[in-house]
Amino acid sequence: MKQIVLPFFLSVLSFFTVASENYGTVNVASDPLQVLDSMDLFHNITDISKQIEQRTTPGHDTENVVPATTVFPQDSVPLIISPQMMLLTQPEQRDSFIYINPLDSIYLRNERGILQLPVKNLNIDALRGMTFRDTLFYNPLFLPMIYTGKMLPRDLSFYPLGDDLEKGLLIPREKTFAPELQHTDFVQEVRREYYRNYPDRISYSILDFDSIPRIESSDEIVRDTYKPFRDLLKTETTYSLDAPGVDVTTIDRKYWVRSGEHSFQFAQNYFSNNWHKGGTNNLNFNNYHVIRANYQKGKIKFNNALDWRLSLFNAPEDSVRSYRIGNDLIRYYGDFGVNSFLKGWSYSTNMEAKSQLFNNFIPNSNDIRSSFFAPLYVNAGVGLKYELNKSSEKVRHRGMKWTLALAPISLNYKYVGNKAIDVKRYGIPEGKRSLTDIGSTITSILKLDITRYITWDSRLTYFTSYEKVVSEFENGLNMALSNAFSTRIYVNARYDDGVPADPDYQYWQLNQTLSFGLNYKW
């Protein structure tokens, strides 16, 4: 009996001894620890001025901050308490207790003990139990609060919203930028709520800083992630939507400008009796060709024009031939100039040479009146040239081009190469084939575009040797009926007091042509 009772008594005694030791190591605090409000804790940590003051004040006590994660010895058992009460042991054993956040019942923690929250949480009430130590500095909601002045929402509208906002959308909202904008609006709404509810806790505004730190924009990430239009345009055959390569071509400056005009027309013609080349009033076939080649580079200008006129008409009263040649003119005009110090003016030299191509006979005779190089007129001079090119601001296609050449020193040369032609008809003394006069020349060339289809060309040449005068005044009115058909009236008045006077017209000579036909410009 003693062998059974004695071991049992020793076992009970050892159990009470161990229990009394464990009871002496754990004490329950009679006064519970008052837990700070989460918003107060957030304000204490984010208040920059308060943090600076606490760090610069000596003897600041930081022992009241309870760590969120604690490591316990393997031989000790931590006591888990509710958020309303905190159990404390002796100061050296205070780390034996852990604080349980109410969000632990909703969200999970990672291996480092940090709460894993949704990236986009639009419920403001769900965040009220969160403290600053449960967050990271990746979300603008938990950065120090600075007043930015943005109080109005981005989507503020004074119009009622429709019943179905997504009606007719080709792309779902989650595939567009709508979720990103919605999250941004939520962040701004939280800031506005904080501005209204806690204005006394905002210590700084953007006016207190020279600049605000900015996080690198994530637009590139969004563009690479959401490509609704690229997916929408996909077909069975894959086509690249990238910008095609452009072949770079160097365009050289063009210094020569070429143009021309050609017309084939039927005409009614009238000649005065003393026309220097002769002629007969009749219906005729008239053609006109002009080719221009103008060069301009810097201050240098070189203009060239070559024109040819020829009219053929029937001659029923001529017993020798059934046709005659009326107006036969081939002319070259060129000027070379260098811009002067005055706008529109240039130092220039010009030359005009004209003759005819075919033989012209006296009616009912084989005597030649004029032929190629018989006569030949050459006029050259040195002086100034003025150019004016102006377009109307009120009437479309209306414009004017005017060229005035003043040659104080000019040379006028006449030559008759055919010995069968009477040279006195052209003002050359008998027994000579040529005549040279030195004087001054004025040349005026005017082109007036009245409308898109009506154009007036005028050319005035005046030469004087201070003993005699030779002048021609050409006028042409071109009325286009379409791009191919036109009517042209041509009048040429000539004055030459170096030739014998006519009984009716004296020193005046006149040539008039009315024609209708084809017209082409390039």
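Going by the structure above, here's the rest.
The following paragraphs examine the structure supplied in this document. Numbering of residues begins from 1 in every chain and follows the order in which that chain's sequence is written. Two thresholds apply to this predicted model, a pLDDT of at least 70 for residue-level local features and 80 or more for giving and counting side-chain atom pairs, whereas whole-chain, interface and lining totals are computed over all residues. Based on all heavy atoms of the structure, the side-chain values leave hydrogens and waters out of the count.

1. Structural notes on the overall build of the protein chain
The criterion, for reference: Each helix corresponds to a stretch of at least 4 residues labelled H or I by DSSP, and each strand to a stretch of at least 2 residues labelled E; elements are numbered beginning at the N terminus. Think of it in three bands: residues with accessible area under 20% of the maximum for their type are buried, residues over 50% are exposed, and the middle band is partly exposed, with areas taken using a 1.4 Å probe on protein chains only. By definition, residues are in contact when any of their heavy atoms lie within 4.5 Å. Accessible areas in this description were obtained via Shrake-Rupley with a 1.4 Å probe; residue shielding takes into account the shown protein chains only.
Along its length, the protein chain carries six helices and 16 strands. Within the span of the protein chain, comprising 522 residues, buried residues form 31% of the whole. When contacts within the protein chain are restricted to residue pairs at least 6 apart in sequence, those whose partners lie at least 24 apart make up 58%. On the protein chain, roughly 35700 Å² of surface is accessible, and the fraction owed to carbon and sulfur atoms is 60%.

2. Points about the pairing of strand β14 (residues 469–480)
What counts here: Two strands form a pair only when DSSP identifies at least two bridges running between them.
Bridge analysis of strand β13 (residues 454–464) against β14 gives 11 bridges, and the strand direction is antiparallel. Within β14, the residue paired with T464 across the bridge is V469. Between the antiparallel neighbours β13 and β14 lie four residues, among them Y466 with a positive phi of about 70°. Relative to strand β15 (residues 485–496), β14 runs antiparallel, the two being bridged by 11 bridges. Residue N475 lies in a different strand from β15, and its bridge partner there is V491. Linking β14 to β15, which pair antiparallel, is a turn of four residues.

3. Focus on the packing of aromatic side chains
Rules: Two rings from Phe, Tyr or Trp (for Trp, the six-membered ring) form a pair when their centres sit within 6.5 Å of each other. Planes less than 30 degrees apart are called stacked, planes more than 60 degrees apart edge-to-face, and all others tilted. Geometrically, a lysine NZ or arginine CZ counts as sitting over a ring once it is within 6 Å of the ring centre and also within 35 degrees of the ring normal.
Enumeration according to the criterion identifies 12 aromatic pairs in this entry. Plain terms: the ring middles of Y255 and Y295 are 6.1 Å apart, the flat faces sit at 45° to each other, and that makes the pair tilted. Of this pair, Y255 sits in the loop between α6 (228–232) and β3 (256–271) while Y295 is found in strand β4 (residues 282–297), placing the two residues 40 residues apart along the sequence. Overall, the relative accessible area of 29% leaves Y255 in the partly exposed class. Relative to F336, the ring of F302 has its centre 6.1 Å away and its plane inclined at 65°; by these criteria the two rings are edge-to-face. Of this pair, F302 sits in strand β5 (residues 300–314) while F336 sits in strand β6 (residues 323–339), placing them 34 residues apart in sequence. Using a relative accessible area of 29% as the deciding quantity, one classes F302 as partly exposed. You can call F336 partly exposed: its relative accessible area is 39%. In textbook terms, an aromatic cluster arises when at least three aromatic residues are bridged by ring pairs, as seen for Y255, W256, Y295, F302 and F336. For the cation-ring pair, R459 lies above Y333, with the distance from its terminal atom to the ring centre recorded as 4.9 Å.

4. Here we look at a nonpolar patch on the surface
Put simply, the rule is: For patches, a residue must show more than 30% relative accessible area and have no salt bridge; joins then use 9 Å for like charges and 5 Å for nonpolar side chains, namely Val, Leu, Ile, Met, Phe, Trp and Tyr. What makes a salt bridge here is a side-chain nitrogen of Lys or Arg within 4 Å of a carboxyl oxygen of Asp or Glu, nothing more.
On the surface, F264, F266, F285, L312, Y323, L481, F485, F516 and L518 cluster together to form a nonpolar patch covering roughly 920 Å² of accessible area. Counting residues per element, the ones that place at least two in the nonpolar patch are β3 and β16 (508–521). Position of F264 among the secondary structure elements: in strand β3.

5. Some remarks on the pattern of salt bridges
Tallied over the full model, the rule gives 15 salt bridges. The salt bridge involving E189 is made with R192; its shortest N-O contact spans 2.9 Å. Of this pair, E189 and R192 are both found in helix α4 (residues 178–197), three residues apart, which corresponds to roughly one turn of the helix. Take R192: its relative accessible area is 6%, and that puts it in the buried class. Salt-bridge contacts for R331 lead to E352; the nearest nitrogen and oxygen are separated by 3.7 Å. Residue R331 is located in strand β6, and its partner E352 is located in strand β7 (residues 345–355); the two are separated by 21 residues in the primary sequence. Of the two residues, R331 and E352, both sit in the buried class.

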